[in-house]
2 protein chains.
Amino acid sequence: MKSIVIKAERLRKFCEETFQRLGFNKKDSTIISDVIILSDLFGIDSHGINRLKMYIQQLHSGYIDIRSQPEIVFQTPVSAVIDGKKGMGQLVSRFAMNIAIEKAKISGVAMVTVRNSNHYGIAGYYSLMASNEGMIGISMTNSLAAVVPTHGKDPMLGTNPIAFSFPATSHPFLFDSATSVVSVGKIEVYDQLSKPIPLGWGLNSEGFDESNPKEVLKSIFSGASGLHPLGGGSEEMGSHKGYGFSMIVEILSSIISLGTTSNHVEEKEGEAGVCHFFMVIDPKIFGNSAAIQRHFENYLNEIRNSSKSNDQNRIYTHGEKEAESFLRRKADGLVLSDKTLGDLRKIADEAGLDFGSYC
Amino acid sequence: MKSIVIKAERLRKFCEETFQRLGFNKKDSTIISDVIILSDLFGIDSHGINRLKMYIQQLHSGYIDIRSQPEIVFQTPVSAVIDGKKGMGQLVSRFAMNIAIEKAKISGVAMVTVRNSNHYGIAGYYSLMASNEGMIGISMTNSLAAVVPTHGKDPMLGTNPIAFSFPATSHPFLFDSATSVVSVGKIEVYDQLSKPIPLGWGLNSEGFDESNPKEVLKSIFSGASGLHPLGGGSEEMGSHKGYGFSMIVEILSSIISLGTTSNHVEEKEGEAGVCHFFMVIDPKIFGNSAAIQRHFENYLNEIRNSSKSNDQNRIYTHGEKEAESFLRRKADGLVLSDKTLGDLRKIADEAGLDFGSYC
């Protein structure tokens, strides 16, 4: 098998039909596929179609309940607590973010915390739902523990991403980032290239800082240890800062929802327990939102046009890479690696679909 | 002159009387001194009494207007925009955080953004005002630009700290951290020890990563270049992540307040233009706040008791170091370095006070 290029719309169609064959209705299959394909279009390959296999495994293992409906268990005009009822993370999260958006339209700001959900894909999808309506969107999630606290050996935190988006003219400002120093996927890339990883990325199973990617991956997948927070393993480079940002995600997702903290995610049989947090702020609560947007655009342009450091020829502002990737990949199609292609053919076979007919 | 130890209460008294001699009333002098001395008690020496000299300079240069009153220029039940009117940062910020607290008590959540203020001391002082009332407190500030964006040479961002505190039983969870990889103060410490700094902390005046602390300090103070964001200078260690967190601070302080972005702070004569952001969340808007607190305490204990990495014997949760330093320094007194002691004697002389009488 060789890697192939496929149009995003064709891949989305395959994805939708796969989810329908798995038992989701058409509307839900469309939502899930939207989140997945946006990740591929944004260039975030680690959270796109290559996760289809994982989602199907989680359906089979009982983490995901196809027929459940998320439930609002507590709410005020500015907040809601949602029980995800083991629903598909993308569906629970879209439901939750829509509540935050509706409440923010009335109250000016709203926060929704979610327990008992599942992996929700890219954090930025949900923050963008708010930005597309002219509002500031924030999205966070905890996850299966893979990150150690500063000076720790046990994984006690998820990679706990934070997305923050702010409406701007051509495309929104979009910061979407794990609070770990790198993603697990990045270590896998180094492993495939047989390249040593920098010290400060992760620990081996004995709790030592490690440059062999294989040892770090073994340590993560066995649960023996894990990745360092943003800032690495020592306070010298700010490990306690990344650990702090990760704690904020944990507080706003698993703590205030009375949900499952990352160190207990996927601990119970048939229950992942992933928790999310969504927040929406209407910039109108700070006065002249058009003036705010112009002020922001001006600052972004000042940053882009400021002097570059040695050997660099461009300063990106957050969201530019995603916007450029989106246009490019929309036109040129998505490249599927050999491994992903193999997975998709197998998934198609099992679902009774002909993968070739989508290419 | 030799370094001396002084009781916090005596130093606070000196600080209060100095501000009164400078023209502040008794109430305002007490507030400013509270913020300053708390920093010393917390062990954050870079933001305590050693800053007295800087504040006096800023009074003389016209950045700080003693007699001005902050003004609410826009508000809703969940928000306010405040013009600091060049007031002392601590006074403007206490005023702003009190508004956020009062609004959050009624609405469940509130955000206050501030423009045209001055250096406010430690971010955590203000977030703790909310936690002391049983609520989540968030505090951020921009500052004179000293941090480059990823791949940039010009300082376009302040060290832009974020403080987040959450009520807990013995002392609050308190995360208070600059979004730069280190503080300017830390580089000064290495310089005094004639020790090379790790690559990834800052750039020299030519925009190259630099290990000589002198060169980086020269570059910062001349405005030629500056510190790296948390994550260092390359995307490999997550530079774009620290840069993103710094941008969030900028958006919530200088952008939505229509204030001065860090790259223009202290640009106009007689005006600093520093901007802040404060947010308060009442955990009751998520249901059972007592259960939330128990759930959080349990997680903090799980983290503290989890396995340590090689050579480490303790995992701290955020706020523990500050709480322990507070008790220790309250009992043992504060150590003033030779340099600070010299500054304080000079300040006392100029104010017509006898520094020896406070020791």
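What counts and what doesn't
- The numbering scheme is per chain: residues are counted from 1 as the chain's sequence reads.
- Ligands are numbered from 1 and chains lettered from A, in the order in which they are written.
- Confidence filtering applies because this is a predicted model: local features only for residues at pLDDT of at least 70, side-chain atom pairs given and counted only at 80 or more, and all residues used for totals across whole chains, interfaces and linings.
- Each helix is a run of DSSP H or I of at least 4 residues and each strand a run of E of at least 2, with the numbering of both proceeding from the N terminus.
- Both definitions apply: the radius of gyration is a C-alpha atom measure, and the globule rule equals 2.2 Å times residues to the power 0.38.
- Working definition of burial: number of other C-beta atoms within 10 Å of the residue's own, with buried at 20 or more, exposed at 12 or fewer, and partly exposed in between, all C-beta atoms being placed from the backbone.
- Any residue pair is listed as a contact if its two C-beta atoms, each placed from the backbone, are within 7 Å.
- Marked domain ranges trace back to an automatic or database domain assignment.
- In this count, Pro and Cys sit with the nonpolar residues alongside Ala, Val, Leu, Ile, Met, Phe, Trp and Tyr, while Asp, Glu, Lys and Arg are called charged and the others, Gly among them, polar.
- You can read pLDDT as the predictor saying how much it trusts each residue, on a scale of 0 to 100.
- A pair of strands is considered paired only if DSSP assigns at least 2 bridges between the two.
- The convention used is that axes are lines fitted to C-alpha atoms, helices contributing only their stretch in contact, and that angles between N-to-C directions extend from 0 to 180 degrees.
- The superposition of copies rests on a least-squares fit of C-alpha positions from residues with pLDDT of 70 or more in both.

**Thoughts on the overall build of chain A**
At step 1: In terms of helices and strands, chain A carries eleven helices and nine strands.
At step 2: Computed over the C-alpha atoms, the radius of gyration of chain A is 20 Å, within 12% of the 21 Å expected from 2.2 N^0.38 for a compact globule of 359 residues.
At step 3: With respect to the three principal axes, the spread of C-alpha positions in chain A is 55 × 50 × 45 Å.
At step 4: The 359 residues of chain A split such that 57% are buried.

**A short note on the environment of Trp201 of chain A**
All names here are of chain A.
At step 1: With respect to the secondary-structure elements, Trp201 resides in the loop between helix 6 (184–192) and helix 7 (213–222).
At step 2: For the pair Trp201 and Ile49, spaced 152 residues apart in sequence, the C-alpha to C-alpha distance is 26 Å.
At step 3: Residue contacts for Trp201: discarding those within four places in its chain leaves Val181, Val182, Ile187, Val216, Leu227 and His228.

**Comments concerning unusual backbone geometry**
At step 1: Positive phi is not limited to glycine here, since Lys85 of chain A has a value of about 50°.
At step 2: Assignment of secondary structure puts Lys85 of chain A in the loop between strand 3 (79–83) and helix 4 (89–107).

**Some points on the domain arrangement of chain A**
All names here are of chain A.
At step 1: Each domain of chain A was delimited in the assignment, giving domain 1 (4–60 + 333–358) and domain 2 (71–181 + 227–286).
At step 2: Its C-alpha centre places domain 1 at a distance of 24 Å from the equivalent point of domain 2.
At step 3: Facing the ten residues of domain 1 at the interface are nine residues of domain 2.
At step 4: Taken together, the residues that form the side of domain 1 that touches domain 2 break down as six nonpolar, three polar and one charged.

**Side note on the confidence of the model for chain A**
At step 1: Counting all residues, the mean pLDDT for chain A is 96, and 99% of those residues have values of 70 or more.
At step 2: What the predictor reports for the complex is a pTM of 0.98 with an ipTM of 0.97.

**Describing the interface of chain A and chain B**
At step 1: Facing the 64 residues of chain A at the interface are 64 residues of chain B.
At step 2: Those elements that place two or more of their residues in the side of chain A that touches chain B are strand 2 (71–76), strand 3, strand 4 (109–117), strand 6 (162–166), strand 7 (173–177), helix 8 (239–255) and helix 9 (289–304) of chain A.
At step 3: Its residues assigned to classes, the side of chain A that touches chain B shows 33 nonpolar, 24 polar and seven charged.

**Looking at the pairing of strand 2 (residues 71–76) of chain B**
At step 1: Bridging between strand 2 of chain B and strand 3 (residues 79–83) of chain B involves five bridges; their strand directions are antiparallel. Following the sheet pairing, Glu71 of chain B is matched in strand 3 of chain B by Asp83 of chain B.

**Considering the sheet that holds strand 2 of chain B**
Residues and elements named next belong to chain B.
At step 1: Read across the sheet, seven strands follow the order 2-3-4-8-5-6-7 without closing on themselves; strand pairing throughout is mixed. Strands with a single pairing partner mark the edges of an open sheet, and in this sheet they are strand 2 and strand 7 (173–177). Ignoring strand direction, the axes of neighbouring strands in this sheet form an average angle of 10°.
At step 2: Where helix 4 (residues 89–107) meets the sheet, it contacts strand 3, strand 4 (109–117) and strand 8 (274–281), and its direction lies at approximately 160° from that of strand 4.
At step 3: The strands touched by helix 8 (residues 239–255) are strand 4, strand 5 (136–141), strand 6 (162–166) and strand 8; relative to strand 8, the strand with the most contacts, the crossing angle is about 95°.

**As for the sheet that holds strand 7 of chain A**
All names here are of chain A.
At step 1: Spatially, seven strands are ordered 2-3-4-8-5-6-7 in an open sheet, and the strand pairing comes out mixed. The two strands at the open ends of the sheet, each matched to only one other strand, are strand 2 and strand 7. When the angles between neighbouring strand axes are averaged without regard to direction, this sheet yields 10°.
At step 2: In terms of strand pairing, strand 4 meets strand 8 (residues 274–281) through seven bridges, oriented antiparallel.

**Some points on the relation of the copies chain A and chain B**
At step 1: For the pair chain A and chain B, the relating rotation is 180°, the translation along its axis is 0.0 Å, and the fit reaches an RMSD of 0.0 Å. The superposition of one copy onto the other is thereby described by a two-fold rotation axis. Among all residues of chain A, the minimum C-alpha distance to the rotation axis is found for Gly231 of chain A, at 2.6 Å.
At step 2: Comparing contact sets, 100% of the residues at the interface of chain A also lie at the interface in chain B, consistent with an isologous, same-surface contact.

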